[in-house]
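Take a look at the letters that make up each chain.
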Amino acid sequence: MMKSASLPPVEIPPPDTGNLHPLLHEIRHALARLLEEGEPTIIDLRALPLAPGEERRLEEALGEGEVEITLQALGTTRITETRYSGVWRVVHLDANGEVLGKTIEITTVPTLLPAQPGEMARALEELEGALGSEDPGE
Amino acid sequence: MKKETTLAELLRQQGVSRRGFLKFCSITASLMALPPSMVPAIARALEQARRPSVIWLSFQECTGCTESMTRSHAPTVENLILTAVSLDYHHTLQAASGSHAEEARKVAMKENWGKYLLVVDGSIPLGNPGFSTIAGIPNLEMLQEVAEGAAAVIAVGTCAAYGGLPHAAPNPTGAVPVSDIVKDKPLVNVPGCPPIPVVITGVLAHFLTFGRLPELDGLGRPLAFYGNSIHDRCYRRPFYERGQFAESFDDEGARKGWCLYRLGCKGPITYNACATTKWNDGTSFPIESGHGCLGCSQPDFWDGGGFYEPLSRLPGGGTAGLAAAAGAGVAIGLGASWLARQRQLKARGQAEEDSR
Ligand code: SF4
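Cut-offs applied
- Position labels on residues start from 1 in each chain and follow its written sequence.
- The naming scheme follows written order: chains are lettered A onward, ligands numbered 1 onward.
- For a predicted model such as this one, the threshold for reporting local features is a pLDDT of at least 70, and the threshold for listing and counting side-chain atom pairs is 80 or more; totals across whole chains, interfaces and linings nevertheless cover every residue.
- Excluded from the side-chain calculations are hydrogens and water; all other atoms, namely the structure's heavy atoms, are used.
- Runs of E in the DSSP output that reach at least two residues are strands. Runs of H or I that reach at least four are helices, and both are numbered from the N terminus.
- Each residue gets one of three labels from its accessible area relative to the maximum for its type: buried under 20%, exposed over 50%, partly exposed in between, using a 1.4 Å probe on protein chains only.
- Two residues form a contact once any of their heavy atoms are found within 4.5 Å.
- For Phe, Tyr and Trp, where Trp contributes only its six-membered ring, two rings pair if their centres lie within 6.5 Å, and the inter-plane angle classes them as stacked under 30 degrees, edge-to-face over 60, or tilted in between.
- Where each domain begins and ends follows an automated or database-derived domain assignment.
- Joining two parts hides part of their accessible area as seen by a 1.4 Å probe, and the buried area is that hidden amount summed over both.
- For this analysis, a salt bridge means a side-chain nitrogen from Lys or Arg found within 4 Å of a carboxyl oxygen belonging to Asp or Glu.
- By the convention adopted, Pro, Cys, Tyr, Trp, Phe, Met, Ile, Leu, Val and Ala count as nonpolar, Lys, Arg, Asp and Glu as charged, and the other residues, Gly among them, as polar.

**Concerning the side chain of Thr103(A)**
Residues and elements named next belong to chain A.
Here is step 1: Within the secondary structure, Thr-103 is located in strand S5 (residues 99-106).
Here is step 2: Judged by relative accessible area, Thr-103 falls into the buried class, the value being 12%.
Here is step 3: Excluding its chain neighbours within four sequence positions, the residues that come into contact with Thr-103 are Ile-42, Ile-43, Asp-44, Leu-45, Trp-88, Arg-89 and Val-90.

**Some words on the packing of aromatic side chains**
Residues and elements named next belong to chain B.
Here is step 1: In the structure shown here, the tally under the stated rule is 9 aromatic pairs over all chains.
Here is step 2: When the centroid spacing of 6.1 Å and the interplanar angle of 50 degrees are considered together, the rings of Phe-245 and Tyr-261 count as tilted. With Phe-245 in the loop between helix H12 (237-241) and helix H13 (252-255) and Tyr-261 in the loop between H13 and helix H14 (274-277), this pair connects stretches of sequence that are 16 residues apart. With respect to class, Phe-245 is no different from Tyr-261; both count as buried.
Here is step 3: Considering the side-chain rings of Phe-301 and Trp-302, the 4.7 Å spacing of their centres and the 35 degrees angle between planes classify their relative orientation as tilted.
Here is step 4: Residue Phe-301 is classed as buried on the basis of its relative accessible area of 8%.
Here is step 5: Among the aromatic residues, those joined into a ring-pair cluster are Tyr-240, Phe-245 and Tyr-261.

**Structural notes on the domain arrangement of chain B**
All names here are of chain B.
Here is step 1: What the domain assignment lists for chain B is domain 1 (50-225) and domain 2 (230-340).
Here is step 2: Of the residues lining the interface, 20 residues belong to domain 1; the matching set on domain 2 comes to 17 residues.
Here is step 3: Summing the contributions of domain 1 and of domain 2, the shared interface buries around 1,400 Å²; its carbon and sulfur component is 67%.
Here is step 4: Taken together, the connections running from domain 1 to domain 2 amount to 0 salt bridges.
Here is step 5: Looking at the side of domain 1 that touches domain 2, the elements with two or more residues in it are helix H8 (157-162), helix H9 (164-167) and helix H10 (197-210).
Here is step 6: Looking at the side of domain 1 that touches domain 2 residue by residue, the classes come out as 13 nonpolar, 6 polar and 1 charged.

Structure below.
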């Protein structure tokens, strides 16, 4: 490894907006609400000022869970479960891989996942068309 | 006719799936600084939304505002918003020029009389009609003519909103903002030099979603974006509270990221979303890059008395700024910006109620 040059070390204390701790509490309250009343919550991280480095600390605090999902819809969306069951991190990217939005969802199944009724209806038509019959069950 | 297609149909035609549409809605909610719980309402509204015609007029300006929007960091969403509107006239962006361009404007106005959105960047010179013209038509005349048939007017950039640089002393062209000319139409100011791109598209998205302009502050700015001061949401705020200030751009304090108040930061009296929305692909904002806020979204920021003078040393603005900062200081310990956000969410809760 290269030895660092003679520049004196610059000591930078981690900046702190004081927002990280309240955010984790907000998540805790939301999880309790989900468990007791079944009410889901979405927290928009863009609405919150976090200092450089604080976002990484948030990531560390939430950790990794069992589920990792990638969606291809209007660019990629990555959904990962955190170490806390029911707490999901959702990152929306555009076609160039730039981040468009980040949310934390406290819910059983993230909102973008379930198949959509309109599209299932179109899928059924398509499948019927592919099988060349109006009623493939017959 | 094409404009009668709803936005949902338009996206479907472009191969955007329902999930893609919902993703678009959730990003739009975030753009508009609305709580995520409003996504279903936004989806319902956007599904029915018709494409509004937009006429964009550029007067005494530097094209920075158009640059800002077309270089924005969310191309997909911005493009979709722009697809969602029918931009019928913008003399910098449109292919047609000269009499063809003017013809396009006349046609769009006639077809959409009373319904189109008018976007203006740049100020209007009253000193001499010849100071600034488009196709030989003085700015004032064109603004009056186009504003007459507009459903609403969006003044983009500090020049259109408050006069901006052309209006700075001694104001050689007699520049005035749009609000001095257009008095009888719903008008929203989106100041900034330039404004944050997502704020411009956020206002468009709001109009698309709700069919009306968003809630405004006393200076005609949308509260969702201009509801907090830079200082309220600045990550250097804890240094300010502890009295740790950089005294020069290269001292120990500057290197440690201390507060830039004494180097002229105008964050305490400036209302804008830079601290959270950020610039250049979300990289940073001026204070994060080590320079104080210039206050570019405030009226007459050019004449404020010096970008590098601390507010406390400036006549008038200083005392106002200090008082505002001291008042907000009560919230330390709980995270000042956190509380500010809670207040804003409360205000938005009302908006949510209204939309139901
Ligand atoms: S004075 Fe400027 S740098 Fe200091 S906390 Fe306020 S906004 Fe941030």
